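Results of the structural survey
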Amino acid sequence: QVQLVESGGGLVRLGDSLRLSCVASGGSFSPYHMGWFRRAPGKEREFVARITWIDENNTLYADSVKGRFTISRDRARNTLYLQMNSLKPEDTAVYYCASSERLAFVQEAYDHWGQGTQVTVSS
């Protein structure tokens with residue numbers, strides 16, 4: 001069974017950078033899509049970024065993070081990354097990684113989820 005574990009979150013200041021990692025383990029891992037989502041306090045979980053596992057150039061970003069965040073993956077390490085630059089207080093949230101066995105266009109299509117890593121951005 002696939003397990004996803006996020007890491008790399010922390011407390012930073014406005015304008016700082018963080019890189020989140022998500023390591024998959026527990027079985028063979030060959031997803032179609034992997035994505036990052038986040039849930040801010042009092043808000044519902046929202047989409048952040050998505051990548052096609054076999055084609056790193058095929059990416060999709062939420063408008064709120066486009067130009068600041070970069071999603072990437074290392075297939076040899078079964079690891080997904082999210083490079084977050086120019087962080088803003090509104091980026092404060094628990095960040096989750098997820099994988100889908102097939103094409104995923106909505107959150108409900110993702111099959112496996114990590115437990116999340118906290119990112120806090122102070123002004």
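Notes on the structure in this doc start here. (Residues numbered from 1 in each chain as written. Predicted model: local features only at pLDDT ≥ 70, side-chain atom pairs only at ≥ 80, totals over all residues. Heavy atoms only, no water.)

1. Quick notes on the overall build of the protein
Scanning the protein from terminus to terminus reveals 0 helices and 11 strands. The helix and strand sequence of the protein, counted from the amino end, reads β-β-β-β-β-β-β-β-β-β-β. Relative to a compact globule of 123 residues, whose C-alpha radius of gyration would be 14 Å, the protein shows 13 Å and is just as compact. Dimensions of the protein, computed from C-alpha atoms along their principal axes, come out at roughly 40 × 25 × 25 Å. The buried share among the 123 residues of the protein stands at 44%. Of all intrachain contacts in the protein linking residues separated by at least 6 positions in sequence, the fraction that spans at least 24 positions is 55%. Only carbon and sulfur atoms are counted for the fraction: they give 44% of the accessible area of the protein, which is about 6,700 Å². (Helix = DSSP H or I, 4+ residues; strand = E, 2+ residues; numbered from the N terminus. Rg over C-alpha atoms; globule rule 2.2 N^0.38 Å. Buried < 20%, exposed > 50% of the residue type's maximum accessible area, 1.4 Å probe, protein only. Contact = heavy atoms within 4.5 Å. Areas by Shrake-Rupley, 256 points an atom, 1.4 Å probe, with all protein chains shown as cover.)

2. As for the sheet that holds strand S7 (residues 69–74)
Taken together, the 4 strands give an open sheet; going across it, the order is S1-S3-S8-S7, and neighbouring strands pair in antiparallel fashion. The strands lining the two open edges of the sheet, one partner per strand, are strand S1 (3–7) and S7. Ignoring which end each strand starts from, the neighbouring axes of this sheet average 15° apart. Pairing of S7 with strand S8 (residues 79–84) involves 6 bridges; the strand directions are antiparallel. Within the sheet, the bridge partner assigned to Thr70 lies in S8 and is Gln83. (Pairing = 2+ DSSP bridges. Axes fitted to C-alpha atoms, helices over the stretch in contact; angles between N-to-C directions.)

3. As for the state of the cysteines
In this structure the tally under the stated criterion is 1 disulfide. Cys22 shares a disulfide with Cys97; S-S distance 1.9 Å. Its S-S torsion of approximately 55° makes the covalent link between Cys22 and Cys97 right-handed. Here Cys22, found in strand S3 (residues 18–25), pairs with Cys97, found in strand S9 (residues 93–100); they are 75 residues apart in sequence, far enough to count as distant. Judged by relative accessible area, which is 0%, Cys97 ranks as buried. (Disulfide = S-S within 2.5 Å.)

4. A look at the nonpolar core
One finds Trp36, Leu82, Met84 and Tyr95 to be the most contacted residues of the largest nonpolar core, which totals 28 residues. For this core, the secondary-structure elements that each account for two or more residues are S3, strand S4 (33–39), strand S5 (46–52), S7, S8, S9 and strand S11 (117–122). At 4 residues, the largest contribution of residues to this core is made by S3. Excluding anything up to four places from it in sequence, Met84 contacts Asp16, Ser17, Leu18, Leu20, Arg68, Phe69, Tyr95 and Val119. (Core = buried A, V, L, I, M, F, W, Y, C linked by side-chain atoms within 4.5 Å.)

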